[in-house]
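Summary of structural features
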Amino acid sequence: MTITRPDPDGVTIRRAERADVLAVVHIESASFDEPWPANAFEAFLGEPGFVVAVDPDGPIVGYAVADVTATHGGPLGHLKDIAVHPDRRGEGIATALLERVLFVLYRGGAGTVKLEVRESNEPAISLYRRFGFESLRRTEGYYADGEDAIVMIRDLR
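I will try to describe carefully the structure that is included in this document. (Residues numbered from 1 in each chain as written. Predicted model: local features only at pLDDT ≥ 70, side-chain atom pairs only at ≥ 80, totals over all residues. Heavy atoms only, no water.)

**Remarks on the nonpolar core**
One recurring pattern in soluble globular proteins: nonpolar side chains tend to sit buried together. Ranked by internal contacts, the top residues of the largest apolar core, which has 30 residues, are Leu79, Leu97, Leu98, Val117, Tyr128, Phe133 and Met152. Elements with a minimum of two residues in this core: β3 (50-54), β4 (60-69), β5 (76-84), α3 (93-107), β6 (112-118), α4 (122-130) and β8 (149-155). Top contributing element to this core by residue count: α3, with seven residues. What leucine 98 contacts, discounting residues up to four positions off in sequence, is Leu79, Ile82, Leu127, Tyr128 and Phe131. Val21, Ile27, Phe50 and Val54 belong to the second largest nonpolar core, which has 14 residues in total. (Core = buried A, V, L, I, M, F, W, Y, C linked by side-chain atoms within 4.5 Å. Buried < 20%, exposed > 50% of the residue type's maximum accessible area, 1.4 Å probe, protein only. Helix = DSSP H or I, 4+ residues; strand = E, 2+ residues; numbered from the N terminus. Contact = heavy atoms within 4.5 Å.)

**Some thoughts on the pattern of salt bridges**
Under the defined criterion, the tally for this structure stands at 11 salt bridges. In this structure, glutamate 116 engages lysine 114 in a salt bridge whose closest nitrogen and oxygen atoms are separated by 3.3 Å. On the accessibility criterion, glutamate 116 (17% relative accessible area) is buried. Close ionic contact of arginine 138 with glutamate 119 constitutes a salt bridge, the shortest N to O distance being 2.2 Å. Taken together, the residues span a long stretch of sequence, with arginine 138 in strand β7 (residues 134-139) and glutamate 119 in the loop between β6 and α4 at a distance of 19 residues. Note on arginine 138: relative accessible area 45%, which makes it partly exposed. Residue class for glutamate 119 comes out partly exposed when judged on its relative accessible area of 31%. Taken together, the shared-partner salt bridges connect Glu34, Arg118, Asp145 and Glu147 into one network. (Salt bridge = Lys/Arg side-chain N within 4 Å of Asp/Glu carboxyl O.)

Structure, rendered in structure tokens:
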């Protein structure tokens, strides 16, 4: 059973389905210089941390991918990817997606969540900071083009 709730301007956040993958790949390609291929998203189908934002008219306008991994320190949540269609940015959709993903990770047992973000992606860094993420470290040359990543972390407890 998928639980959904209305979000900004009637947008609904729900678990991703196979039929959503093409739209997700389109948003991914419009959002990132090094986009994930379709099979990367297909690998997360059925996972509670793969969610999409759906406009009332039907199109997918954003998505997030996250999971929980067992570690020696306990379950760790990992936000792997999040994006909103360029035409829909600034409407609160990324905020709604992040809110849902953090809830899913918490329900999945994660006490901590981590993510990696390009050091040049100020809008994303600002969003993550508003949600209580703190910079943990810089990973040099993390991205294929040589840009560094900032690893950010948040305690969910």
